[in-house]
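# Residue-level structure breakdown
Take a look at the letters that make up each chain.
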Amino acid sequence: MIRHAFFAGLLGLATASSAWATDMIEKTSPHSVAETIDRLEVAVEAAGATVFARVDHAAGAANVDMELRPTQMLMFGNPKLGTPAMLDGQTAGLDLPLRVLAYEDGEGTVHVTYHDPASFAAAHGLPGDAKYIQMMTGALDKLTTAATAAE
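Let me begin by describing the structure that accompanies this report. (Residues numbered from 1 in each chain as written. Predicted model: local features only at pLDDT ≥ 70, side-chain atom pairs only at ≥ 80, totals over all residues. Heavy atoms only, no water.)

## A short note on the pairing of strand E3 (residues 71-77)
When a strand is regular, its side chains alternate between the sheet's two faces. To be explicit about the condition: The classification of residues rests on relative accessible area computed with a 1.4 Å probe and restricted to protein chains. Under 20% of the type maximum is buried, over 50% is exposed, and intermediate values are partly exposed. Where helices and strands are cited, they refer to DSSP runs of H or I of at least four residues and of E of at least two residues respectively, numbered from the N terminus. Pairs of strands are assigned from DSSP output, requiring at least two bridges between the strands.
The buried fraction of E3 is high, at 6 of 7 residues. Inspection of the sheet shows strand E2 (residues 50-56) paired to E3 by 6 bridges, in the antiparallel sense. Along E3, the bridge assignment pairs Asp 56 with Gln 72. Both E3 and strand E4 (residues 98-104) contribute to a ladder of 6 bridges, which runs antiparallel. Looking at the pairing, Met 73 lines up with Leu 101 of E4.

See below:
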């Protein structure tokens, strides 16, 4: 009985993880990882949002004598969008502020990846048609498009 519950729980976690993972949006960038995140940071600040953190995962790996291809994450948000989401489902705070990851793959292509706000809404029981979800979706698309534009 306990064994069955354990395996059922693992299956549930695997299903939830794969469902979340399939709801990522990905773009490619003609710029390096650092330049892509620089461009994203400029776009975020120009849009009036706040940058809360920039994490250089490759630098962290180097600090423990490991190698990781260039990988950086920018965490940013706007309380005018995040607060209503948390009022509808306070667990949304687990995934807010928003995050965008830029990384270089083994062939040297730079990818920009983020969770689709619709899957974010579903994961936290938020109304999928909420205005803040639509605004997050539009903002993430606009900001990542600016970061990956070939100009």
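## Some points on helix H4 (residues 79-88)
Operational definition: Throughout, the arc means that of the directions going from the helix axis to the C-beta atoms. Residue contacts are counted whenever heavy atoms from the two residues lie within 4.5 Å of one another. Contacts described as polar in this section are N or O atom pairs within 3.5 Å, which, within protein, must combine one atom able to donate a hydrogen with one able to accept it, while residues neighboring in sequence count only if both atoms come from side chains.
Within the span of H4, buried status applies to Leu 81, Gly 82 and Ala 85. On an axial view of H4, the arc spanned by its buried residues comes to 90°, and they lie on one face. Residues Pro 79, Lys 80 and Leu 87 are exposed on H4 and point more than 90 degrees away from its buried face. Looking at the buried positions of H4, the neighbouring elements they touch are helix H6 (131-148). The residue sitting at the N-terminus of H4 and contributing the capping side-chain oxygen is Asn 78; that oxygen lies 2.8 Å from the backbone nitrogen of Lys 80.

## What about the environment of Leu 98?
Take Leu 98: it is sitting in strand E4. It is 8.5 Å that separates the C-alpha atoms of Leu 98 and His 115, two residues lying 17 residues apart in sequence. Apart from the residues lying within four places of it in its own chain, the contact partners of Leu 98 are Leu 74, Met 75, Phe 76, Met 136 and Leu 140.

## Structural notes on the nonpolar core
One broad rule of soluble globular proteins: the nonpolar side chains tend to lie buried together. Our working rule: By convention a nonpolar core is built from buried Ala, Val, Leu, Ile, Met, Phe, Trp, Tyr and Cys residues, the set being connected through side-chain atoms within 4.5 Å.
Membership of the largest hydrophobic core comes to 28 residues, with the highest contact counts inside it found for Leu 40, Phe 76, Leu 126, Tyr 132, Ile 133 and Met 136. Sorting the residues of this core by element identifies helix H2 (33-46), E3, H4, E4, strand E5 (110-115), helix H5 (117-123) and H6 as the ones contributing at least two each. Looking at which element gives the most residues to this core, the answer is H6, with 6 residues. Among residues more than four places away in sequence, those in contact with Ile 133 are Pro 117, Ala 118, Phe 120, Ala 121, Leu 126, Pro 127 and Gly 128.

## Here's the deal with the sheet that holds E4
To keep it simple, the criterion reads: What counts as an axis is a line fitted to C-alpha atoms, over the stretch in contact for a helix, and the angles between N-to-C directions run from 0 to 180 degrees.
Pairing is antiparallel in the open sheet, where 5 strands are placed in the order E1-E5-E4-E3-E2. Strands with a single pairing partner mark the edges of an open sheet, and in this sheet they are strand E1 (24-29) and E2. Direction aside, neighbouring strands of the sheet carry axes that sit 20° apart on average. Taken together, the 4 bridges between E4 and E5 define a ladder with antiparallel strand orientation. Within E5, the residue paired with Leu 101 across the bridge is Thr 113. Packing against the sheet, H6 makes contact with E1, E3, E4 and E5, and its axis sits at approximately 20° to E1.

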